[in-house]
Amino acid sequence: MSAATPAKKRVAILISGRGSNMAALIEAAKAPDYPAEIVLVMSNVPDAGGLAIAAANGIATATIDHKAFNRDREAFEKAMQAELERHRVDIVCLAGFMRILTPWFVAQWEGRMINIHPALLPAYKGLDTHARALADGATEHGATVHFVTPGMDEGETILQEAVPVLRGDTPETLGKRVLEVEHRIYPQALRMIATEYTLL
Ligand code: GRF
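Trainee: Hey, could you go over unusual backbone geometry for me, with residue numbers and the actual values?
Mentor: Residue Pro 122 follows Leu 121 across a cis peptide bond; omega there is 15°. With respect to the helices and strands, the residue Pro 122 is situated in the loop between strand S5 (113-117) and helix H5 (129-135). Phi angles above zero are rare outside glycine, and Tyr 124 is one such case at about 55°. Relative to the elements of secondary structure, Tyr 124 occurs in the loop between S5 and H5.

Quick look at the structure:
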């Protein structure tokens, strides 16, 4: 690495499930010129499918099971924070991470934690976004990558892309169309954040 080449940002991905967005980030980060490297995948669900994908890619994994903390959210988050610090993480990507985070944890990562949401925020915060968009007769739907702030799905948008809602769509067909967009824009958004952060 020449003196002019900035070090890659060290990224942790937090998941709770299958990890398809995580996999998209891992693939993107394999490009030599990508400004971030995935150094940790952490799950609150011990058998989350994404953990095996991460391990198969040679990435360190950690499981911090929230159920072991008897509803003590602060203790759960302190354990996650310790793991993030141990891996000297610069940026946190939430990718289907299904726990609400406390203002304390969010403050630790202000401006350095991003999330992917399957809707065109500020429309359809929360769950079941595809079914809700269909029920409303929406003609457009999509995905948003945004900074994480204490309010759920409320932080500043980094990237957003729309898809059309087609006649006969079900939550599954619409969700599949949105997921393709998610897999494209999440790596782009991380590239932007990692690059901008480098310049600071
Ligand atoms: C994605 O739709 C993401 O937008 C939402 O949760 C889902 C996670 O899917 N936050 P995956 O685990 O990335 O496949």
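Moving on from the coordinates now.
Trainee: I'd like to hear about the nonpolar core, residue by residue, with values.
Mentor: Ranked by internal contacts, the top residues of the largest apolar core, which has 37 residues, are Ile 13, Ile 38, Val 41, Ile 114 and Leu 190. For this core, the element with the most residues is helix H6 (residues 171-199), which contributes nine residues. Excluding anything up to four places from it in sequence, Leu 190 contacts Val 11, Leu 25, Tyr 34, Ala 36, Ile 38, Ile 91, Cys 93 and Ile 114. By size, the runner-up hydrophobic cluster in this structure holds 20 residues, among which are Ala 12, Ala 62, Phe 105 and Trp 109.

Trainee: Provide a residue-level description of the pairing of S5, including the pertinent values.
Mentor: Where burial is concerned, most of S5 is hidden: five out of the five residues are buried. Neither face of S5 is exposed, since Met 113, Asn 115 and His 117 on one face and Ile 114 and Ile 116 on the opposite face are all buried. Note: strand S4 (residues 91-94) against S5, three bridges, orientation parallel. Directly across from Cys 93, in S5, lies its bridge partner Ile 114.

Trainee: So what's going on with the site of the ligand? Residues and values would help.
Mentor: With respect to spatial proximity, the complete set of residues near the ligand consists of Arg 18, Gly 19, Ser 20, Asn 21, Gly 96, Ile 116, His 117, Pro 118 and Glu 182. Within the side chain of Glu 182, one N or O atom sits 2.7 Å away from an oxygen atom of the ligand. Starting from 370 Å² of accessible surface for the ligand in isolation, the protein chains cover 84%. If you list the elements that add at least two residues to the shell around the ligand, you get helix H1 (20-28) and S5. Class assignment of the residues belonging to the shell around the ligand gives a composition of two nonpolar, five polar and two charged.

Trainee: Please give an account of the packing of aromatic side chains that cites residues and values.
Mentor: In the structure shown here, the tally under the stated rule is two aromatic pairs. Measuring from centroid to centroid gives 6.4 Å for Trp 104 and Phe 105, while their planes differ by 55°, and the two rings are tilted. For Trp 104, a relative accessible area of 31% gives the class partly exposed. Overall, Phe 105 belongs to the buried group, its relative accessible area being 0%. Lying across the ring of Trp 104, Lys 78 places its NZ or CZ 4.8 Å from the centre.

Trainee: Mind laying out the sheet that holds strand S7 (residues 157-164), listing which residues take part and the relevant values?
Mentor: Read across the sheet, seven strands follow the order S3-S2-S1-S4-S5-S6-S7 without closing on themselves; strand pairing throughout is mixed. Looking along the sheet, the strands with just one partner apiece sit at the ends: strand S3 (61-63) and S7. Ignoring which end each strand starts from, the neighbouring axes of this sheet average 20° apart. Relative to strand S2 (residues 36-43), strand S1 (residues 9-15) runs parallel, the two sharing seven bridges. Residue pairing for S2: Ile 13 is matched across the bridge by Val 41. Together, S1, S2, S4 and S5 form the strand contacts of H1, whose direction differs from that of S1 by roughly 165°. Docked against the sheet, helix H2 (residues 49-56) engages S1, S2 and S3, running at close to 155° with respect to S3.

Calculation notes
- Residues numbered from 1 in each chain as written.
- Predicted model: local features only at pLDDT ≥ 70, side-chain atom pairs only at ≥ 80, totals over all residues.
- Heavy atoms only, no water.
- Helix = DSSP H or I, 4+ residues; strand = E, 2+ residues; numbered from the N terminus.
- Core = buried A, V, L, I, M, F, W, Y, C linked by side-chain atoms within 4.5 Å.
- Buried < 20%, exposed > 50% of the residue type's maximum accessible area, 1.4 Å probe, protein only.
- Contact = heavy atoms within 4.5 Å.
- Pairing = 2+ DSSP bridges.
- Near = heavy atom within 4 Å.
- Polar contact = N/O pair within 3.5 Å; in protein donor to acceptor, adjacent residues only side chain to side chain.
- Areas by Shrake-Rupley, 256 points an atom, 1.4 Å probe, with all protein chains shown as cover.
- Nonpolar A, V, L, I, M, F, W, Y, C, P; charged D, E, K, R; others polar.
- Phe/Tyr/Trp six-rings, centres within 6.5 Å; stacked < 30°, edge-to-face > 60°.
- Lys NZ or Arg CZ within 6 Å of the ring centre and 35° of its normal.
- Axes fitted to C-alpha atoms, helices over the stretch in contact; angles between N-to-C directions.

Read these as spatial facts, not as claims about activity.
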